[in-house]
Amino acid sequence: AQSPQSTVTTGGEAVDLVDTLIRTMLALEAIHRREVGHFRLTPSAIFHDGEDVTIADFSRASALPKIVPNGDSLPEKEWAAPEILEGKPATSSADWYSFGKIILHVDCRDPVLKKLAGRMTEKPPSLRLSGLEEVIKEGGDRFAGRVREIAVNLFGVTSERNSTIT
């Protein structure tokens, strides 16, 4: 049986929390590959139906990079990267910052994901993990293997040359 911290309930069904977080990372990477930043990633913008993860609320999304003229107007300040709150140029690393905050919020007990969340929420963007390749590299073999397994199941990715998912 899984511990209460390793599962989340969606639609009355328990799903693996780590699986949900990895699927969210893959979805976020797919958004960024299209040169788009979400810039409003919060727990309420992530939906998991037991199989698929959907990222919603693209009301602040735009082409990368973006200067957010009034970051103080965000109602979800606790999830926003410092550069967004300061109205500075934002890149995809701002979304990874928000994602790291989400990992910490859901109290994921997976030590690898907790470590990665710490790196994602570094204040200077230059110190942040800011892409799936960096996250996988930093996460170690067990974590990277799980990401690869989910990517193959979702996208049929079988070759490192066909994707940034390595």
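Above this text is the structure in question.
Keep in mind that this is a model prediction, so the values were computed, not measured.

All right, on to helix H3 (residues 92-105) then. With 14 residues, H3 should reach 20 Å at 1.5 Å per residue; the first-to-last C-alpha distance of 20 Å fits that figure. Burial within H3 is extensive, with 11 of its 14 residues counted as buried. Positive backbone phi, at 60°, marks Asp 107, one or two positions downstream of H3.

Here we come to the packing of aromatic side chains. Aromatic ring pairs: the centre-centre distance and the angle between the two ring planes describe each pair. Under the counting rule described, the total for this entry stands at 1 aromatic pair. Measuring from centroid to centroid gives 6.0 Å for Trp 96 and Phe 99, while their planes differ by 85°, and the two rings are edge-to-face. With Trp 96 and Phe 99 both in helix H3 and 3 residues apart, this pair spans about one turn of that helix.

Here the focus is the pattern of salt bridges. Within the structure shown, the criterion is met by 10 salt bridges. When the shortest N-O distance is used, the salt bridge between Arg 146 and Asp 16 registers 2.9 Å. Separated by 130 residues along the polypeptide, Arg 146 in helix H5 (residues 132-155) and Asp 16 in strand S2 (residues 13-16) bring together distant segments of the chain. With its nearest N and O atoms 4.0 Å apart, the salt bridge here joins Glu 138 to Lys 115. Separated by 23 residues along the polypeptide, Glu 138 in helix H5 and Lys 115 in helix H4 (residues 111-120) bring together distant segments of the chain. In this structure Glu 138 comes out as partly exposed when scored by relative accessible area, which is 28%. Judged by relative accessible area, Lys 115 falls into the partly exposed class, the value being 46%. One connected set of salt bridges, linked through shared partners, spans Arg 40, Asp 57 and Glu 76.

A few words now on the side chain of Thr 42. Here Thr 42 shows up in the loop between strand S3 (36-37) and strand S4 (46-48). On the accessibility criterion, Thr 42 (5% relative accessible area) is buried. Within polar-contact distance, the side chain of Thr 42 engages the side chain of Ser 44 at 3.0 Å. Setting aside its immediate chain neighbours within four residues, Thr 42 contacts Glu 76, Trp 79 and Ile 102.

Analysis parameters
Residues numbered from 1 in each chain as written. Predicted model: local features only at pLDDT ≥ 70, side-chain atom pairs only at ≥ 80, totals over all residues. Heavy atoms only, no water. Helix = DSSP H or I, 4+ residues; strand = E, 2+ residues; numbered from the N terminus. Expected span 1.5 Å × (residues − 1). Buried < 20%, exposed > 50% of the residue type's maximum accessible area, 1.4 Å probe, protein only. Phe/Tyr/Trp six-rings, centres within 6.5 Å; stacked < 30°, edge-to-face > 60°. Salt bridge = Lys/Arg side-chain N within 4 Å of Asp/Glu carboxyl O. Polar contact = N/O pair within 3.5 Å; in protein donor to acceptor, adjacent residues only side chain to side chain. Contact = heavy atoms within 4.5 Å.

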